[in-house]
Amino acid sequence: MRTRLPLSLLGLAVALVWLIPLAWAIDTSIKPEGETTRVPVTWIPEVFTLDAYGRVLTAGDVPLWLVNSLIVATGVTVLTLAAASLAAYGFSRLDFPGKNWLFALVLAGIMVPPQALIVPLFHQMQSLGLVDTYWGMILPQLAAPVMVFILKKFFDGIPREYEQAAALDGASRLRMFWSVVLPMSRPVLAAVGVFTFVTAWNNFLWPFIVVSDPDLMTVPVGLGTVQSSYGLRYAEIMASAVLGGLPLVVVYAFLQRHVIRGVGDAGLKG
Amino acid sequence: MAVETPQRAPAETPAPREPGKPRNLTGLWFALPFLLIYAVFMIWPILAGLWSSLFNTSLAGGDVEFLGLGNYAEMARDGAVWDSLWNTAYFTLLSTPPLVLAGLGMALLAHRARRTGWLLRFAFFMPFLLPVTVVALIWLWIYQSDFGLLNAAIEWFGGDPVAWINDERTAMWAVVICTLWWTVGFNFLLYLAALQGIPRELHESAAVDGATPGQRLWRITLPLLRRTTGLVLVLQLIASLKIFDQVYLLNEGNAGPITRPLIQYVYEQGFTSYRIGYASAISYLLFLIIIVVAFAQFKIFSAGRDD
């Protein structure tokens, strides 16, 4: 008990330090431009204003980037969940020719760093005509072997008796997968889904390479152009950053419990 | 890898085969959509990259000439390859210890905290959810030498301002600090999930036996976190070796090659100089290093496990 108070104070102090960068960005974004570069630094704005947000939202491309990110991240998440869970079910429950070496091939892919593939992958996108398209951003992100691995591990742990009961009722394999196994896997599907969405939403390198059309830019890529296009208008730069960063943070604030439990359920706790 | 499902998996029994039926292709249909994507967007680029690393292929088209191992020979002589490889290694060495230790420390703090637990969990993990560009914009602003927050703090304590990004003595540290803030949340989360999996009774009975909190941490908690530490370490090393985004965004037009990591050199050769073959060859160097590190880690941790 003696140690509890200093430790919780230490925890609180570290948490506050960790919040400073974001707080500083928000603080800058609600100041008039003239006050952002003042020395010494003011924490409480002398004039509180949302002008920077107004200008960014009406004149800037931030809303467009948010929509593009939503399209890409949703596409990646839905298709990853579909393809990876079907494959995981096949590998977990069914026997087919070549299954073992195919699964070994998928496992080996976990070690492949996608960053090392950007050059040949881009070359291939050129030949497929997918440069500067949504599909060009989405499709390569679906080749995520680790998700197949996590889902197969989870499916392996579900007793086969449930499916045998469904088989007695004449259910097909697809039916067993859809109505028996998937509903029992909600926590792990949620965890895989959340991580896929966050990763896809925040992916910088691949969309940066495959897209040059400003109308198709996602939040991370588009914001990279902000520094040069806004010049030294720091309030606007920070307002863009806050608008680009806040959606996931707000969603996470609501889903925090499920995310942390999901990580445990996905078996990542070691 | 140290991954385990919550339910105990039943002993590996082959799928019950319906009597009288040969093994069929149903499973293959299930796996097919993923396997197709995997073949086209993972396997094929790996092979195509290896193939084109033997040629002087250019993204701009033009004559293609077979070089054999010529690109690899050039790589061995190219000082920029070794400099960027050193930068990557240096970043990995500087960033991995604080990222693992801070993740563990934060998890211990948040796991103990009662009323403030939610705030700690939010504060520690939240930066991980920000796109790298947002993180880079915020830190560029904090590192700003004239009116940035960090120099304001340093001057307030009586120190001299530092040109964080542009000074080659501090440029890499600037990247490390920014990365620590941004990504420690992931390690924190893995440790927190592991801590929550440790049965309370272990600590309670040790406390009854008179163990101090320090002894309980050292003798119970840390040994039980060993597998998690193995996982965190592997994932962290691999992530650090792949660094590109934040360096590129922080140093664009500033420090130039002094912090340039290997991926950035691949990017420059491939997309600025249009040398696909040469860029692919450099990619394979990184590829090799990551696989060696992952394998070594895997060996070390599976050999040291006593279960």
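The shown structure was predicted, so the numbers you read here are calculated from the model rather than taken from an experiment.

**Student:** Any chance you could explain the overall build of chain B here in plain terms?
**Tutor:** Within chain B one finds 13 helices and zero strands. Reading the secondary structure of chain B in the N-to-C direction produces α-α-α-α-α-α-α-α-α-α-α-α-α. Within chain B, counting contacts between residues at least 6 apart in sequence, those at least 24 apart form 69% of the total. Accessible surface computed for chain B: about 14,900 Å², of which carbon and sulfur atoms make up 64%.

**Student:** Just checking my understanding: could you explain the pattern of salt bridges for this structure?
**Tutor:** Between side chains of opposite charge, a pair can form as their charged atoms come close. All names here are of chain A. Applying the stated criterion to the full structure yields ten salt bridges over all chains. Its salt-bridge partner being D27, residue K31 comes within 3.5 Å of it at the nearest N-O pair. In this pair, the class of K31 matches that of D27, namely buried. We note a salt bridge from D156 to K152, for which the minimum N-O separation is 2.9 Å. Here K152 and D156 lie together in helix α8 (residues 145–156), a separation of four residues that amounts to about one turn.

**Student:** Help me understand the interface of chain A and chain B in this model?
**Tutor:** How big an interface is tends to be reported as the loss of accessible area on association of its parts. At the junction of the two partners, chain A supplies 108 residues and chain B supplies 102 residues. Roughly 9,400 Å² is buried in total at the junction of chain A and chain B, and carbon and sulfur atoms are behind 78% of that figure. Counting the contacts that link chain A with chain B gives zero salt bridges. Summed over the shared surface of chain A and chain B, the result is ten residue pairs in polar contact (both at pLDDT 80 or more).

**Student:** Explain the nonpolar core to me, please; I cannot follow it from the model alone.
**Tutor:** Taken as a class, soluble globular proteins show a tendency for nonpolar side chains to be buried jointly. Within the largest apolar cluster, 179 residues are counted, with the highest numbers of intra-cluster contacts made by F91 and F155 of chain A together with W139 of chain B. The dominant element in this core, judged by the number of residues it contributes, is helix α7 (residues 171–196) of chain B, at 16 residues. Discounting residues that sit within four places of it in the chain, F155 of chain A has contacts with S85, A88, Y89, S92, R93, F177, V181, L182 and S185 of chain A.

**Student:** Could you clarify how one ought to interpret the packing of helix α7 (residues 134–142) of chain A against helix α1 (residues 26–52) of chain B in this entry?
**Tutor:** Pairs of packed helices are described in terms of their axes, by the angle between the two and the distance that separates them. Axis separation between α7 of chain A and α1 of chain B bottoms out at 8 Å; the angle between their running directions is 110°. As summarised for this structure, α7 of chain A and α1 of chain B are arranged roughly perpendicular, according to the angle between their axes. Contacts from L139, P140 and L142 of chain A in α7 of chain A reach F34, I37 and F41 of chain B in α1 of chain B. The residue makeup of the contact of α7 of chain A with α1 of chain B, split by class, is six nonpolar, no polar and no charged.

**Student:** Is there a simple way to think about helix α3 (residues 51–59) of chain A in this case?
**Tutor:** The periodicity of an α-helix, 3.6 residues per turn, causes residues three or four positions apart to be oriented the same way. All names here are of chain A. Those residues of α3 that sit buried are A52, Y53 and V56. Projected onto a plane normal to the axis of α3, the buried residues spread over an arc of 100° and lie on a single side. Those residues of α3 that are exposed and angled more than 90 degrees off the buried face are T58 and A59.

**Student:** Would you explain the UniProt feature "transmembrane region" (unreviewed entry) in chain B in this entry?
**Tutor:** Residues and elements named next belong to chain B. Sequence positions flagged by UniProt for "transmembrane region" (unreviewed entry) are, in local numbering, residues 27–47, 89–110, 122–142, 171–193 and 276–296. The straight-line gap between the two end C-alpha atoms of residues 122–142 is 21 Å; of that span, 71% is helix and 0% is strand. In the segment residues 276–296, helix accounts for 100% and strand for 0%; the C-alpha atoms at its two ends are 30 Å apart.

**Student:** I'm lost on the environment of I220 of chain B in this one. Help?
**Tutor:** Residues and elements named next belong to chain B. Of note, I220 is situated in helix α9 (residues 213–224). Sequence separation between I220 and I243 is 23 residues, and the spatial gap between their C-alpha atoms is 35 Å. When residues no more than four places from it in sequence are discounted, the contact partners of I220 are L202, H203, A206 and Q215.

**Student:** How do you make sense of the packing of aromatic side chains when you look at a structure like this?
**Tutor:** By convention here, two paired aromatic rings are described through the distance between centres and the angle between planes. Applying the stated rule across the entire model yields 35 aromatic pairs over all chains. When the ring of Y248 of chain B is compared with that of Y267 of chain B, the centres are 5.8 Å apart and the planes differ by 75°; the resulting orientation is edge-to-face. Linking Y248 of chain B in helix α11 (residues 245–251) with Y267 of chain B in helix α12 (residues 262–272), this pair joins segments that are 19 residues apart in sequence. The same class applies to Y248 of chain B and to Y267 of chain B, which are both buried. Among the aromatic side chains, those forming a connected cluster through ring pairs are F122, F204 and F208 of chain A together with F244, Y248, Y267 and F271 of chain B. We note K152 of chain A situated over the ring of F103 of chain A; from NZ or CZ to the ring centre the distance is 4.9 Å.

**Student:** I'm lost on the UniProt feature "transmembrane region" (unreviewed entry) in chain A in this one. Help?
**Tutor:** Residue and element names in this part refer to chain A. Taken from the UniProt record, the annotation "transmembrane region" (unreviewed entry) applies to residues 65–89, 101–122, 134–155 and 237–255. Structurally, residues 134–155 is divided into 91% helix and 0% strand, and its ends, taken at the C-alpha atoms, are 32 Å apart. The span residues 237–255 is 100% helical and 0% strand by assignment, and the distance between its end C-alpha atoms comes to 28 Å.

**Student:** I would appreciate a short explanation of the side chain of Q264 of chain B in the present structure.
**Tutor:** Position of Q264 of chain B relative to the elements: it lies in helix α12. Discounting chain neighbours no more than four positions away, the residues touching Q264 of chain B are F244, V247 and Y248 of chain B.

**Student:** Can you help me understand a nonpolar patch on the surface in this one?
**Tutor:** All names here are of chain A. Taken together, the side chains of L246, V250, V251, F254 and L255 present a nonpolar region at the surface, about 450 Å² in accessible area. Note on placement: L246 falls in helix α15 (residues 234–265). According to the relative accessible area criterion, L246 is partly exposed, its value standing at 32%.

**Student:** Got a minute to help me understand the confidence of the model for chain B in this structure?
**Tutor:** Low-confidence regions, as indicated by low pLDDT, have predicted coordinates that should not be scrutinised in detail. All names here are of chain B. Put simply, chain B has an average pLDDT of 84, and 88% of its residues get 70 or more. Averaged over each element, pLDDT in chain B is lowest for helix α8 (residues 200–208) (84) and highest for helix α3 (residues 79–112) (94). Here residues 1–14 is modelled with pLDDT under 50, and outside its nearest four sequence neighbours on either side it reaches 25 contacts, counting other chains as well. In the model output, the complex is listed with pTM 0.87 alongside ipTM 0.88.

**Student:** For this particular structure, what's the right way to read the side chain of R260 of chain B?
**Tutor:** Residues and elements named next belong to chain B. One can find R260 in the loop between α11 and α12. A polar contact is formed between the side chain of R260 and the side chain of E268, at a distance of 2.7 Å. Beyond its immediate stretch of four places on either side in the chain, R260 contacts A80, S84, N87, Y265 and E268.

**Student:** Hey, could you run me through helix α11 (residues 186–202) of chain A in this one?
**Tutor:** Between its first and last C-alpha, α11 of chain A extends 24 Å over 17 residues, near the 24 Å set by a 1.5 Å rise per residue. For α11 of chain A, every residue scored as buried is listed here: V188, L189, A191, V192, G193, F195, T196, V198, A200, W201 and N202 of chain A.

**Student:** Would you take a moment to explain unusual backbone geometry for this structure?
**Tutor:** What you tend to see is this: most non-glycine residues have negative phi, and most peptide bonds are trans. The phi angle at D132 of chain A is positive, at roughly 60°, despite the residue not being glycine. Position of D132 of chain A among the secondary structure elements: in the loop between α6 (118–128) and α7. Relative accessible area serves as the criterion here: at 27%, D132 of chain A is assigned to the partly exposed category. Even without being a glycine, Y274 of chain B presents a positive backbone phi close to 60°. Relative to the helices and strands, Y274 of chain B is located in the loop between α12 and α13 (276–303). Classification of Y274 of chain B by relative accessible area gives partly exposed; the value is 41%.

What counts as what
- Residues numbered from 1 in each chain as written.
- Chains lettered and ligands numbered in written order.
- Predicted model: local features only at pLDDT ≥ 70, side-chain atom pairs only at ≥ 80, totals over all residues.
- Heavy atoms only, no water.
- Helix = DSSP H or I, 4+ residues; strand = E, 2+ residues; numbered from the N terminus.
- Contact = heavy atoms within 4.5 Å.
- Areas by Shrake-Rupley, 256 points an atom, 1.4 Å probe, with all protein chains shown as cover.
- Salt bridge = Lys/Arg side-chain N within 4 Å of Asp/Glu carboxyl O.
- Buried < 20%, exposed > 50% of the residue type's maximum accessible area, 1.4 Å probe, protein only.
- Buried area = accessible area lost by both parts, 1.4 Å probe.
- Polar contact = N/O pair within 3.5 Å; in protein donor to acceptor, adjacent residues only side chain to side chain.
- Core = buried A, V, L, I, M, F, W, Y, C linked by side-chain atoms within 4.5 Å.
- Axes fitted to C-alpha atoms, helices over the stretch in contact; angles between N-to-C directions.
- Parallel < 35°, antiparallel > 145°, perpendicular 65-115°, else oblique.
- Nonpolar A, V, L, I, M, F, W, Y, C, P; charged D, E, K, R; others polar.
- Arc of directions from axis to C-beta.
- UniProt positions renumbered as here; feature names shortened; annotations may be inferred.
- Phe/Tyr/Trp six-rings, centres within 6.5 Å; stacked < 30°, edge-to-face > 60°.
- Lys NZ or Arg CZ within 6 Å of the ring centre and 35° of its normal.
- Patch = residues over 30% accessible without salt bridge, like charges linked within 9 Å, V, L, I, M, F, W, Y side chains within 5 Å.
- pLDDT = per-residue confidence, 0-100.
- Expected span 1.5 Å × (residues − 1).

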